[in-house]
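Structure at a glance
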Amino acid sequence: MAASNYSLKVNRELLDPGFESYRLSLDAIPTYNVELDAAVEEVKLKDTQYTLEHMRAFGMYNYLHLDPWYEDSVLFVDCKGRVLSLSVTLDTALGKPREVFRISADSSRCEDRLCASVSLTSATWAALSDGTGRLHLLRTGKRGDSSHSKWEPLFSEDTGEPFTVLHSVSHVQAGVHNMEVLLLRIQKDPQETKGSGFSVSLEWITVANTAGHGGWFEKSYEVRKRRVLRGKSVPHYAAVEPRGRGLMVASEKPFVFTHVDGRPVERPEPEPMEEEKTDPIYFWQQTAEDVTVCVRLPEGVTKEEVQYRLTADNVSIGVQGFPPLLQGQLFAPVDPEASAWIIRDNKSLEVTLQKRSEGPVWAELVMGDRRGEHVMSDEQAALIHQRLTHLTSEDLVRLRHDTDHCSAAPDARLSAPSCVSSNILVKPSQPKPDVSDLMCYVQASKRDKKFATCAPNFSYASLCECLRRAFIYRQPSPVETVLFNRKQGRQVGQVAKQQVASLDSDKPILGFRATNERLYILTSSNLFVLKVNNN
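Residues numbered from 1 in each chain as written. Predicted model: local features only at pLDDT ≥ 70, side-chain atom pairs only at ≥ 80, totals over all residues. Heavy atoms only, no water.

Considerations on empty space enclosed by the protein
Counted according to the given criterion, the structure contains four cavities of 30 Å³ or more. Forming the walls of the second largest cavity are 13 residues, and the residues nearest its centre are Ser85, Arg98, Val100, Arg143 and Trp151. Secondary structure elements with two or more residues in the lining of the second largest cavity: β4 (73-77) and β6 (98-102). Taken together, the residues that form the lining of the second largest cavity break down as three nonpolar, six polar and four charged. (1 Å grid on protein atoms, 1.4 Å probe; cavity = no way out; pocket = protein on both sides within 12 Å on 5 of 7 lines; lining within 4 Å. Points joined across faces, edges and corners; volume = space filled by probe spheres on them. Helix = DSSP H or I, 4+ residues; strand = E, 2+ residues; numbered from the N terminus. Nonpolar A, V, L, I, M, F, W, Y, C, P; charged D, E, K, R; others polar.)

See below:
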């Protein structure tokens, strides 16, 4: 089994540099309520499930499932073990969720059971975990509002320890119907002696129809292949390739194949990587008003050979006949007219960049460029140390900024209607901290955020808190009145709206899904349908 690991980087070309801000809209969001006749049971984590990975995998599980093959159709499992389906066509005439399958009552007696999980494999198949370790593959027939048929189990197997179903696909290979199912477990790992003692396990199972050609409707399915992968972090995303030829896993730490059909996979010892250490190409430091950059030049370079180009957002510095030494988008806008450069001692180019907005500290000089070194002055180090003396290395400082002063990206996690909250972890252990020692972890998100989603057509993004409130962020649209940016004094052509919905419920939010028109929010006793867009 071969695996390739790739590093994912931010594509800044997808960010909108002209984004203004989100503006709170008081437009009401039509909200409809379906009362459930049986509660959705939230399975609490046990004392033995204490790690961060347990919380990520099971504690923050989304109990509501969206059917990708049938628009505005959602499913969930209640405390009676019933798999319930609700299809919405008319918001003002919502029906009751319809039972399509029932899990055996014995599953509730398992001491270490997890929440039941569903994966819609295709337009006519589904995979189901009862939370105790049993996997069901179900022939659903055509689902949707007009369908009233019950799901038929064609495969059921006890796979051992409890798991959740991450993903499943259905395909035909050489005339044989196959289903690929990906399972997630958090397991005790005897080899994990320095960490939590647990590891993350992904089991990829292939189930095939043993009737062969023309046997799609025969009730004869069996496991053809099992593969097990292990890693140290719960994946942000994991899916089987549509034809069952591989896995796609996005995670903070890599996964490796450990077993195939119960046999250990032999892995060659990785060769140690030699890191090539290079001297910085440039040094830079900053004050509240400006940024000073020193770029090393070949000896004997004259000012006529220097190629220097500066705009408000970009810089390019080089020597005639050679590729640019420094080039790219600046961290923040500068004033080109007030900036200047000079050659020092015939071996370095010193550039002074005048910040357009005084005060903000730049995290880097050129976006994504790691070839330089930031030099902190004694004055800056003393000021930072003074501000941090009342903190310990584990204190959390929360800073709030008004959205009028913030820019946001399409994938940014935003906070309450009026602000973005940043959580910064600092370590002020030295009297003159170096920038490499001042580790800051910033998360632009709500403190109580539980789920985040977006419409398939990207018309809006939404997040919800643990209780009651959901926040909706729409794409920028032209404004009907004349608006001006207060700081820059220029006219604003379009505004992105932000809306807040408050549910009539004091129960925790257990499920959160979005379609192009509607937002579905599940609590233990209610299913709320929010009409976000109209056709």
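The rest of the description comes next.
Considerations on the pairing of strand β16 (residues 247-250)
Within a regular beta strand, the side chains point alternately toward one face of the sheet and then the other, so they alternate between its two faces. One ladder, built from four bridges, connects strand β15 (residues 237-240) with β16; its direction is antiparallel. By the bridge assignment, Ala239 is partnered in β16 with Met248. Between β15 and the antiparallel strand that follows it, β16, lie six residues; Gly244 among them carries a positive phi value of about 75°. (Pairing = 2+ DSSP bridges.)

So, the pairing of strand β8 (residues 125-129)
With five of five residues buried, β8 lies mostly within the body of the structure. By the alternation rule, side chains of β8 split into Trp125, Ala127 and Ser129 and Ala126 and Leu128, which are all buried. Of the strand pairs in this sheet, strand β7 (residues 117-120) and β8 are connected by four bridges, and their pairing is antiparallel. For Ser119, the partnering residue across the bridge sits in β8 and is Ala127. Where β7 folds back on β8, the antiparallel hairpin that results is connected by four residues. (Buried < 20%, exposed > 50% of the residue type's maximum accessible area, 1.4 Å probe, protein only.)

Looking at the environment of Val293
Here Val293 shows up in strand β20 (residues 290-296). Remark: the alpha-carbon pair of Val293 and Glu373, spanning 80 residues in sequence, is separated by 9.9 Å. Beyond its immediate stretch of four places on either side in the chain, Val293 contacts Tyr282, Phe283, Trp284, Leu326, Leu349, Glu350, Val351, Leu353 and Leu365. (Contact = heavy atoms within 4.5 Å.)

Focus: the sheet that holds strand β11 (residues 164-173)
As summarised here, the arrangement of the six strands in space is β11-β12-β13-β14-β17-β18, forming an open sheet in which the pairing is antiparallel. Both edges of this open sheet fall to β11 and β18 (263-264), since each of them pairs with a single strand only. Summarising the sheet, strand β12 (residues 176-188) and strand β13 (residues 198-209) pair through 11 bridges and their orientation is antiparallel. Counterpart to Arg185 in the pairing with β13 is Ser201.

Observations regarding the environment of Leu297
With respect to the helices and strands, the residue Leu297 is situated in the loop between β20 and β21 (306-310). For the pair Leu297 and Asn346, spaced 49 residues apart in sequence, the C-alpha to C-alpha distance is 8.0 Å. Residues within four places of Leu297 in sequence aside, it is in contact with Val319, Leu325, Lys347, Ser348 and Leu349.

Focus on the sheet that holds strand β22 (residues 314-319)
Taken in spatial order, the three strands make up an open sheet running β21-β22-β23, and their pairing is antiparallel. In this open sheet, the two edge strands, each paired with only one partner strand, are β21 and β23 (326-329). Averaged over all pairs of adjacent strands, the angle between strand axes in this sheet comes to 5°, irrespective of strand direction. By the bridge criterion, five bridges tie β21 to β22 in an arrangement that is antiparallel. Across the sheet, Gln307 pairs through a bridge with Gly318, a residue of β22. (Axes fitted to C-alpha atoms, helices over the stretch in contact; angles between N-to-C directions.)

Regarding the confidence of the model for the chain
Summing up the model confidence of the chain, the mean pLDDT is 80 and the portion of residues at 70 or higher is 80%. The low-confidence segment residues 387-445, where pLDDT is below 50, has 113 contacts with residues more than four positions distant or belonging to other chains. (pLDDT = per-residue confidence, 0-100.)

What about the packing of aromatic side chains?
For any two aromatic rings, the description comes down to two numbers: the centre-to-centre distance and the angle of the planes. In this structure the tally under the stated criterion is six aromatic pairs. For the ring pair Tyr50 and Phe198, a centre distance of 5.6 Å and an interplane angle of 80° mean the geometry is edge-to-face. With a gap of 148 residues between them, Tyr50 in the loop between β2 (31-35) and α1 (52-59) and Phe198 in strand β13 connect regions that are remote in the sequence. Exposure remark for Phe198: the relative accessible area of 11% places this residue in the buried category. The cationic tip of Arg227 hangs over the ring face of Trp204; the distance from NZ or CZ to the ring centre is 3.7 Å. (Phe/Tyr/Trp six-rings, centres within 6.5 Å; stacked < 30°, edge-to-face > 60°. Lys NZ or Arg CZ within 6 Å of the ring centre and 35° of its normal.)

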